[in-house]
Number of protein chains: 2
Amino acid sequence: MSQSLFEQHQDTLQGALKAIRTRDYWSPYPESPSPRKYGETADKDGQAAFKAHLNGSFELKMPGITGEAGSEVSPYGFDLGVKYPTVDIDVLLPAMKDAQKAWRDIGVDARAGICLEILKRINARSFEIGYGVMHTSGQGFMMAFQAGGPHAQDRGLEAVAYGYEAMTSAPGAATWTKPQGKHDPLVLDKKFTVVGRGVGLVIGCSTFPTWNTYPGMFASLVTGNPVVVKPHPAGILPAAISIQIAQEVLEEQGLPPHIVSMVIDADPAQPCTKELAQHAAVKLIDFTGNTAFGDWLEQNCPQAQVYTEKAGVNTIIVDSTDNFKGMIQNLSFTLSLYSGQMCTTPQDIFIPAGGIETDQGHKSFDDVASALATGLDKFLSDPERAGMVLGCIQAEVTDKRIDNAKALGTVVRDSDRPVNPWFKEARMRSPLILSIDADKEDTYMEELFGPITFLIKTDSTNHSVELAHKAVSNHGAITMGCYTTTDAVLDQIEEAALDCGVALSSNLTGGVFVNQSAAFSDFHATGCNPAANACLSDLAYVANRFRVIQSRKHA
Amino acid sequence: MSQSLFEQHQDTLQGALKAIRTRDYWSPYPESPSPRKYGETADKDGQAAFKAHLNGSFELKMPGITGEAGSEVSPYGFDLGVKYPTVDIDVLLPAMKDAQKAWRDIGVDARAGICLEILKRINARSFEIGYGVMHTSGQGFMMAFQAGGPHAQDRGLEAVAYGYEAMTSAPGAATWTKPQGKHDPLVLDKKFTVVGRGVGLVIGCSTFPTWNTYPGMFASLVTGNPVVVKPHPAGILPAAISIQIAQEVLEEQGLPPHIVSMVIDADPAQPCTKELAQHAAVKLIDFTGNTAFGDWLEQNCPQAQVYTEKAGVNTIIVDSTDNFKGMIQNLSFTLSLYSGQMCTTPQDIFIPAGGIETDQGHKSFDDVASALATGLDKFLSDPERAGMVLGCIQAEVTDKRIDNAKALGTVVRDSDRPVNPWFKEARMRSPLILSIDADKEDTYMEELFGPITFLIKTDSTNHSVELAHKAVSNHGAITMGCYTTTDAVLDQIEEAALDCGVALSSNLTGGVFVNQSAAFSDFHATGCNPAANACLSDLAYVANRFRVIQSRKHA
């Protein structure tokens, strides 16, 4: 039965396998929330399905359920009121470990087929999940639909494809024939079985509750590991819906549904994440979140392989441009998108004190600063656009951080509180732009999560490159951007990016933004600077989630 | 120039890439020390080259050389007297780190070409290296030539092939074209650069100074990392010759020779291995050796990826056989080979107290025990064969361990001190066989390195399987063997092996032995039991030794 799912989804799998090798654009999940793609009533149905969850009890099939809990609040200004099962992890984890054998024994192809079917059903519910992402993360709907729906599904599928590629790099069986000169050859039959490591734990974040959950979830799952998701307490619903879908598919295939499970804190004041992470049954951990906890996981869970995406200081080096307007527009959108709450949003923009050369002539440091302030004002002047693009501030602590940050430099553009046209209670903030001298490293080299950007006045582009390199080397980064019209400067920046291990985007002035990364083509994070020890996705992300056990005998 | 090496060695690389996918027998390096393969004078020349090293100063090109040291003693009974350069690691490692850029910039193909050329030249010096392995490890010459020469080269090439496969799983460049409906597509040019992690440290062992060194050395090297080898103080020469060859090739290619370097202890009483392993420049560590130090490395070098092969308790389950004579002969050779000093040699042989069914009728526990004792006596009765197969005891501590072990059970076959026909001073010991009751777990589940084997009297095969499973789960193992004529028992043992994560060899009665593993086909160690956290070789062994850094811009 699972085999037939594998055959059914061959085109998707083969497409993904081809895409990760060519790294051209590809996706099987339409990113447009268009009725032509998802059906005439998809939006309405999805919204209704989302609403049906509110103030109700959400069901999952797990052994060891002890009660229910949940206290999510939409950043748009209302309580979700959804209660999810709480569970005794000392009942759940041993049961998951027991289920691992069944999950191993159905084999590589069947597991891939099941993962692809789960993703297909998740895709069909992109509106429902999109509204869930919107009302937990605070993203605007369009972004919640895209980043929380098809783009997240792409990243899940990418992990399945990498897992499949790694698992099938050796055959399931082989005959080994060693010539013995005049004698008969030695002949052995060998069997190679892919075996998962144990239970995979995926610790989600509040800002991207699906995009940052699916990669670890599907990477562990396809490689033979039962997966327990521990969503962020503020962003449970989108993960819960995804897990419910996974359980449905597993059960239909005659497998224990708790091969995919969810654990939440019965009492958010007493999180169980550390206990889960150090549990002997947990052999894989995927984490997205703050550096302190990511470092703790890396250092205190020796029983597990740990994959982390942590905080960082993303940088832009502005040297020169042949499209000043395009640069300002591109940066205005980049800094506005989801109010800077992306792990890819630039925080530090390095600009020489002496200004830059552009297609509009020389621009002083202050010219660039005020152009960016004006660009943002203009871009956000339409309240509907502001509402859609900025979304909300997910956490109150971010809201406060913006106010506290104002004293850290000279305010170039203040952060105001736009009013959302549709949700009057929405916690909205527009970007705060500060200028600061290059010697204030302690200030701008610390991650200040949220819509806070420093324009750093440097001695020269050389100085900018040196500081950006230092920021990435010491504090990590997921993205680096640059604007330059000079090949030698671009080479210099590329070399710096290679040396400190960060992905570079150069001269983005059109419809691609430094904070966007496309599955199957862009490696998200590099795994070689302090912001992350892994990358979404590559072979390193999947190859150690399973081992191969061989059995050999004379033919 | 390096590019031409890549082209020159295409057949070898393609052969290796095919072999790791099919896992049929394959090797480009003849395992027979035959004049037809290596040339009429190869043995004589190799022996002369080995002797030319004795009592001399060995030269390597490294910055920071401070003096020389070395005190290797042949287990065949003479001092090697070779002195190797000692080095200031705070000069060497930063210089290696600096050299990383040149090693990165020549690119994937050129690095592969250089690795293949190094291996080719190492192969041409297999006799010289073989004598070096013989007179450090104490292996008999045939084994030293094969395991220390072509088989070790196979494992090095296998690592190169896996590294190449992983690095080329993404292209070096791509064009990303995303349709935009009626508008022009978004088009980005993307560049993907493979970047090593930093300096790779390879910590060698005394018993297999090349076989256990080449995999980590070539895996790190081909993926863009300079490599420093820290050989075991008792087994430096074979590694040093290999490193000298690598330096010659690097220098010919215009690269810093110290991309491959060697560090030894200036004073063996004050080993510098921990300092090396925790050095900030060291990002990869490969280790073969005892569990205590392997565990220490895994837990105390958070700056590095650590790959270990440690101690274990290899087991054989004897249930029944249709070839009693073949089983006894096979086990006699297995236990004799290099006096049980292989990480793959069985230590615990589980036999039901009630005996076993065989093609020669029922055999009691004692029948099996005495057949094995007699088999060993017979096999070792020819002094030349004994000398060739047993080799010597590498370390004095092993010699003592054999004597101390006699009190641990009932002696079935005592370990004597055969006299080597060619080296009267050789430290030789034949296998000690003890019988012991199943309840003495504390005794037989501890690794007793050397020619010490327990025949464990169990209640039944079920009991044997349970104990073998426990030994592997708790103490680790590289190999498990079994003898049974019943499919259901074989299934049961296969399931146990899968569950505890160990490679299984069933019913070996001919020319294949449980302690032998063939590159390109057998996965050596599984990485999922306590004996090793990695496997030689698979994608997991190489994929995290490099990262991919991307650079993108509008086309």
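Fair warning: this is a prediction, and the values are worked out from it, not measured in the lab.

Criteria and cut-off values
- Residues numbered from 1 in each chain as written.
- Chains lettered and ligands numbered in written order.
- Predicted model: local features only at pLDDT ≥ 70, side-chain atom pairs only at ≥ 80, totals over all residues.
- Heavy atoms only, no water.
- Pairing = 2+ DSSP bridges.
- Helix = DSSP H or I, 4+ residues; strand = E, 2+ residues; numbered from the N terminus.
- Axes fitted to C-alpha atoms, helices over the stretch in contact; angles between N-to-C directions.
- Contact = heavy atoms within 4.5 Å.
- Buried < 20%, exposed > 50% of the residue type's maximum accessible area, 1.4 Å probe, protein only.
- Polar contact = N/O pair within 3.5 Å; in protein donor to acceptor, adjacent residues only side chain to side chain.
- Buried area = accessible area lost by both parts, 1.4 Å probe.
- Salt bridge = Lys/Arg side-chain N within 4 Å of Asp/Glu carboxyl O.
- Least-squares fit on C-alpha atoms with pLDDT ≥ 70 in both.
- Domains from an automatic or database assignment.
- UniProt positions renumbered as here; feature names shortened; annotations may be inferred.
- Parallel < 35°, antiparallel > 145°, perpendicular 65-115°, else oblique.
- Nonpolar A, V, L, I, M, F, W, Y, C, P; charged D, E, K, R; others polar.
- Phe/Tyr/Trp six-rings, centres within 6.5 Å; stacked < 30°, edge-to-face > 60°.
- Core = buried A, V, L, I, M, F, W, Y, C linked by side-chain atoms within 4.5 Å.
- Patch = residues over 30% accessible without salt bridge, like charges linked within 9 Å, V, L, I, M, F, W, Y side chains within 5 Å.
- Areas by Shrake-Rupley, 256 points an atom, 1.4 Å probe, with all protein chains shown as cover.

With respect to the sheet that holds strand E12 (residues 314-318) of chain B
Inference 1: Strand order in the open sheet formed by 10 strands is E5(A)-E6(A)-E22(A)-E21(B)-E20(B)-E12(B)-E14(B)-E19(B)-E18(B)-E17(B), with mixed pairing between adjacent strands. The open sheet terminates on both sides in strands that have one partner only, identified here as strand E5 (173-180) of chain A together with strand E17 (410-413) of chain B. Within the sheet, the average angular offset between the axes of one strand and its neighbour, ignoring direction, is 25°.
Inference 2: This element, helix H19 (residues 461-475) of chain B, spans E12, strand E14 (346-352), strand E19 (452-458) and strand E20 (479-483) of chain B of the sheet and lies at about 170° to E12(B).

Comments concerning the environment of Gln303(B)
All names here are of chain B.
Inference 1: Looking at where Gln303 falls in the secondary structure, it is placed in the loop between helix H13 (291-300) and strand E11 (305-309).
Inference 2: With a relative accessible area of 22%, Gln303 lands in the partly exposed category.
Inference 3: Residues Gln303 and Lys283, spaced 20 residues apart in sequence, show a C-alpha to C-alpha distance of 6.0 Å.
Inference 4: Setting aside residues no more than four positions away along its own chain, Gln303 makes contact with Ala277, Gln278, His279, Ala280, Val282 and Lys283.
Inference 5: From its side chain, Gln303 meets the backbone oxygen of Ala277 in a polar contact 2.6 Å long.
Inference 6: A polar contact of 3.3 Å, which involves the side chain of Gln303, links it to the backbone oxygen of His279.

Side note on the interface of chain A and chain B
Inference 1: Contacts between the two partners involve 73 residues from chain A and, on the opposite side, 73 residues from chain B.
Inference 2: Both faces considered, chain A and chain B share a buried interface measuring about 5,900 Å² in area, 52% of it formed by carbon and sulfur atoms.
Inference 3: At the junction of chain A and chain B, the tally comes to 14 salt bridges.
Inference 4: In this structure, Lys101(B) engages Glu495(A) in a salt bridge whose closest nitrogen and oxygen atoms are separated by 3.3 Å.
Inference 5: Our enumeration of links across chain A and chain B arrives at 41 residue pairs in polar contact (both at pLDDT 80 or more).
Inference 6: When residues of the side of chain A that touches chain B are assigned to their parent elements, the largest contribution, eight residues, is made by strand E22 (residues 546-554) of chain A.
Inference 7: Relative to strand E21 (residues 503-506) of chain B, E22(A) is paired through three bridges, and the arrangement is parallel. Residue pairing in the sheet places Arg552(A) in a bridge with Ser505(B) of E21(B).

Points about the relation of the copies chain A and chain B
Inference 1: With an RMSD of 0.0 Å, the operation that places chain A on chain B is a rotation of 180° combined with a shift of 0.0 Å along the axis. Each copy turns onto its partner about a two-fold axis.
Inference 2: The overlap is high: 100% of the interface residues of chain A also sit at the interface in chain B, so the same surface is used on both sides.

Overview of the side chain of Asn420(A)
All names here are of chain A.
Inference 1: By the element assignment, Asn420 lies in the loop between strand E17 (410-413) and strand E18 (432-437).
Inference 2: Under the relative-accessibility criterion, Asn420 is labelled buried at 2%.
Inference 3: Within the structure, the side chain of Asn420 is placed 2.8 Å from the backbone nitrogen of Trp422, a separation counted as a polar contact.
Inference 4: When residues no more than four places from it in sequence are discounted, the contact partners of Asn420 are Tyr76, Gly387, Ala426 and Met428.

What about the domain arrangement of chain A?
Residue and element names in this part refer to chain A.
Inference 1: One can read the domain layout of chain A as domain 1 (2-28 + 61-170 + 198-310 + 537-546) and domain 2 (315-506).
Inference 2: Between the C-alpha centres of domain 1 and domain 2 the distance comes to 32 Å.
Inference 3: With 18 residues of domain 1 at the contact, the number on the domain 2 side is 18 residues.
Inference 4: Both faces combined, the contact of domain 1 with domain 2 buries some 1,300 Å², and carbon together with sulfur accounts for 67% of it.
Inference 5: For the domain 1 face of the interface with domain 2, the top three residues by lost area are Pro75, Tyr76 and Met143, together amounting to 37%.

Overview of the side chain of Thr334(B)
Residues and elements named next belong to chain B.
Inference 1: Note on placement: Thr334 falls in helix H14 (residues 324-336).
Inference 2: What makes Thr334 buried here is its relative accessible area of 0%.
Inference 3: Beyond its immediate stretch of four places on either side in the chain, Thr334 contacts Thr345, Pro346, Phe513, Val514 and Asn515.

Details of the UniProt feature "domain: Aldehyde dehydrogenase" (unreviewed entry) in chain A
Inference 1: The UniProt feature table records "domain: Aldehyde dehydrogenase" (unreviewed entry) at residues 88-470 of chain A.
Inference 2: Structurally, residues 88-470 of chain A comprises 45% helix and 21% strand, and the distance from its first C-alpha atom to its last is 45 Å.

Digging into the pattern of salt bridges
All names here are of chain A.
Inference 1: Within this structure, the stated rule accounts for 60 salt bridges over all chains.
Inference 2: As a salt-bridge pair, Arg104 and Asp105 come within 3.0 Å of each other at their nearest N and O atoms.
Inference 3: Its relative accessible area of 7% is what places Arg104 among the buried residues.
Inference 4: Taking relative accessible area as the criterion, Asp105 reaches 45% and is therefore assigned partly exposed.
Inference 5: Of the charged contacts, one joins Arg121 and Glu252 as a salt bridge, the two residues approaching to 2.7 Å between their closest N and O atoms. Note that Arg121 is positioned in helix H6 (residues 107-124) and Glu252 in helix H11 (residues 237-252), a separation of 131 residues in sequence.
Inference 6: In this structure Arg121 comes out as partly exposed when scored by relative accessible area, which is 22%.

Here's the deal with the packing of helix H2 (residues 10-22) of chain A against helix H9 (residues 150-167) of chain A
The relative placement of two packed helices is expressed as an angle between their axes plus a distance between the axes.
All names here are of chain A.
Inference 1: Two elements in contact, H2 and H9, have axes whose closest approach is 9 Å; the angle formed by their N-to-C orientations is 85°. Between H2 and H9, the interaxial angle falls into the category roughly perpendicular. Only Leu157, Glu158, Ala161, Tyr162, Tyr164 and Glu165 of H9 make contact with H2, whose side of the interface consists of Thr12, Leu13, Ala16, Leu17, Ile20 and Arg21.
Inference 2: Class assignment for the residues of the contact of H2 with H9 results in eight nonpolar, one polar and three charged.

Regarding unusual backbone geometry
Inference 1: Omega for the bond connecting Leu536(A) with Ser537(A) falls within 30 degrees of zero, at -25°, which places this linkage in the cis form.
Inference 2: When you line up the elements, Ser537(A) lands in the loop between strand E21 (503-506) and helix H21 (539-542).
Inference 3: Phi at Asn507(B) is positive, roughly 55°, even though this residue is not glycine.
Inference 4: Among the secondary structure elements, Asn507(B) is positioned in the loop between E21 and helix H21 (539-542).
Inference 5: Its identity as a non-glycine residue notwithstanding, Ala525(B) has a phi of 70°, on the positive side.
Inference 6: In this fold, Ala525(B) is placed in the loop between E21 and H21.
Inference 7: Since its relative accessible area comes to 3%, Ala525(B) is described here as buried.

Brief notes about the packing of aromatic side chains
Inference 1: Taken as a whole, this structure holds 42 aromatic pairs over all chains when the rule is applied.
Inference 2: For the pair Phe141(B) and Phe145(B), a centre-to-centre distance of 6.0 Å together with 45° between the ring planes defines the contact as tilted. In this pair, Phe141(B) and Phe145(B) both sit in helix H8 (residues 141-148), four residues apart, roughly one turn of the helix.
Inference 3: Look at Phe145(B) and you get buried, because its relative accessible area is 0%.
Inference 4: Grouping aromatic residues by their ring pairs yields a cluster made of Tyr38(A), Phe50(A), Phe127(A), Tyr131(A), Phe141(A) and Phe145(A).

Things to note about the nonpolar core
Inference 1: Judged by nonpolar contacts, the single largest core of 262 residues is most densely connected at Phe218(A), Ile285(A), Leu297(A), Phe218(B), Ile285(B) and Leu297(B).
Inference 2: Ignoring sequence-local partners within four residues, the contact set of Phe218(B) consists of Cys115(B), Ile118(B), Leu119(B), Ile122(B), Gly156(B), Ala159(B) and Val160(B).

Here we look at the sheet that holds strand E14 (residues 348-352) of chain A
Strand pairing in a sheet is mediated by backbone hydrogen bonds. Such pairs are either parallel or antiparallel.
Inference 1: Strand order across the open sheet formed by 10 strands is E17(A)-E18(A)-E19(A)-E14(A)-E12(A)-E20(A)-E21(A)-E22(B)-E6(B)-E5(B), with mixed pairing between neighbours. Every interior strand has two partners, whereas the edge strands, E17 of chain A together with strand E5 (173-180) of chain B, have only one. Along the sheet, successive strands turn relative to each other by an average axial angle of 25°, direction set aside.
Inference 2: Inspection of the sheet shows strand E6 (residues 183-196) of chain B paired to strand E22 (residues 546-554) of chain B by nine bridges, in the antiparallel sense. Bridging across to E22(B), Asp189(B) finds its partner in Lys553(B).
Inference 3: Contacts from helix H20 (residues 487-500) of chain A reach strand E12 (315-318), strand E20 (479-483) and E21 of chain A together with E6 and E22 of chain B within the one sheet, and its direction differs from that of E20(A) by about 170°.

Let's talk about the pairing of strand E18 (residues 432-437) of chain B
Residues and elements named next belong to chain B.
Inference 1: The element E18 is extensively covered by neighbouring structure, given that five of its six residues are classed as buried.
Inference 2: Pairing between E17 and E18: three bridges, direction antiparallel. Directly across from Thr410, in E18, lies its bridge partner Ser435.

A few points about a nonpolar patch on the surface
Residues and elements named next belong to chain A.
Inference 1: On the surface, Met142, Met388 and Trp422 cluster together into a nonpolar patch covering about 280 Å² of accessible area.
Inference 2: Along the chain, the position of Trp422 falls in the loop between E17 and E18.
Inference 3: A relative accessible area of 44% places Trp422 in the partly exposed class.

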